[in-house]
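Each chain, letter by letter, is given below.
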Amino acid sequence: MSCEDAIAAPPPSAWPDTIHLDGQAGTLELVWDGRHAVLSHRALRRSCRCSVCENTRRALDVVLPVADDVRLLKIEPLGPAAMHLVFSDGHERGIYPWTYLKQMAFGPATGGLPESLTKGWRDE
Ligand SMILES: [Zn+2]
């Protein structure tokens, strides 16, 4: 590997080894170092941290209301450490850092995050 390759490559701890988007099941499967995580599209949509969603959560102080059948349509890499998610309800403003998705998937390191946000991570 040349020096240039090393610089261009994302940090190994951030980018998952596998990204599998399942539109039928409504899940996003991610694998980091052999650790599997399956996140539902609904939970991902509810966990959007754009200013609009943050404000809605703060105002209502509840889990962000989204349709049960909302689907993740597209994943767009955003630099080495994050991605942009495009949802079927037209929402495409959310930036999801890999570290944030890891917290969602594996917890329990949710310190400092409001309950109205972390509650949305789980499908009840
Ligand atoms: Zn949002």
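The model shown is predicted, which means the values in this text are computed figures rather than measured ones.

Caption draft 1: Broad picture of the overall build of the chain. Within the chain, the secondary structure is distributed over 5 helices and 6 strands. Secondary structure of the chain in N-to-C order comes out as α-β-β-β-α-α-β-β-β-α-α. In the chain, buried positions account for 36% of the 124 residues. Across the chain, the fraction of contacts at a sequence separation of at least 24, relative to all contacts at a separation of at least 6, is 45%. Roughly 7,100 Å² of accessible area belongs to the chain as shown, and the carbon and sulfur atoms make up 54% of that amount.

Caption draft 2: Here's a closer look at the coordination of the zinc ion. On the protein side, the zinc ion has Cys48 (SG), Cys50 (SG), Cys53 (SG) and His91 (NE2) as donor atoms, found 2.1 to 2.3 Å from it. Coordination at the zinc ion is tetrahedral: its 4 donor atoms span angles of 104 to 114° at the metal. Binding-site remark: the zinc ion is held by donors from one chain whose sequence spacing is C-x1-C-x2-C-x37-H. Here the two residues cysteine 48 and cysteine 50 agree in accessibility, since each one is buried.

Caption draft 3: Up close: helix H3 (residues 51-60). The set of residues buried in H3 consists of Cys53, Glu54 and Arg57. One face of H3 carries all of its buried residues, which in axial projection span an arc of 100°.

Caption draft 4: Examining unusual backbone geometry more closely. Phi is positive for aspartate 33, which is not a glycine, with a value near 50°. In this fold, aspartate 33 is placed in the loop between strand E2 (27-32) and strand E3 (35-40).

Caption draft 5: Spatial organisation of the sheet that holds strand E6 (residues 95-97). Sheet architecture is open: 3 strands sit in the order E4-E5-E6, paired in antiparallel fashion. A single partner strand is all that each edge strand has here, and the edge strands are strand E4 (72-78) and E6. With direction set aside, neighbouring strand axes in the sheet form an average angle of 30°. Of the strand pairs in this sheet, strand E5 (residues 82-87) and E6 are connected by 3 bridges, and their pairing is antiparallel.

Caption draft 6: Structural detail: the pairing of E2. When strand E1 (residues 18-22) meets E2, the two strands line up antiparallel, connected through 5 bridges. By the bridge assignment, isoleucine 19 is partnered in E2 with leucine 30. Hairpin geometry of E1 and E2 is characterised by an intervening segment of 4 residues between the two adjacent antiparallel strands and by a positive phi of about 75° at glycine 26. In terms of strand pairing, E2 meets E3 through 6 bridges, oriented antiparallel. In the strand pairing of E3, threonine 27 is matched with serine 40.

Conventions used here
Residues numbered from 1 in each chain as written. Predicted model: local features only at pLDDT ≥ 70, side-chain atom pairs only at ≥ 80, totals over all residues. Heavy atoms only, no water. Helix = DSSP H or I, 4+ residues; strand = E, 2+ residues; numbered from the N terminus. Buried < 20%, exposed > 50% of the residue type's maximum accessible area, 1.4 Å probe, protein only. Contact = heavy atoms within 4.5 Å. Areas by Shrake-Rupley, 256 points an atom, 1.4 Å probe, with all protein chains shown as cover. Donors = N, O, S within 2.8 Å, 3.2 Å for Na, K, Ca; no water. Tetrahedral: all angles 85-135°; square planar, octahedral: opposite > 155°, others 65-115°. Arc of directions from axis to C-beta. Pairing = 2+ DSSP bridges. Axes fitted to C-alpha atoms, helices over the stretch in contact; angles between N-to-C directions.

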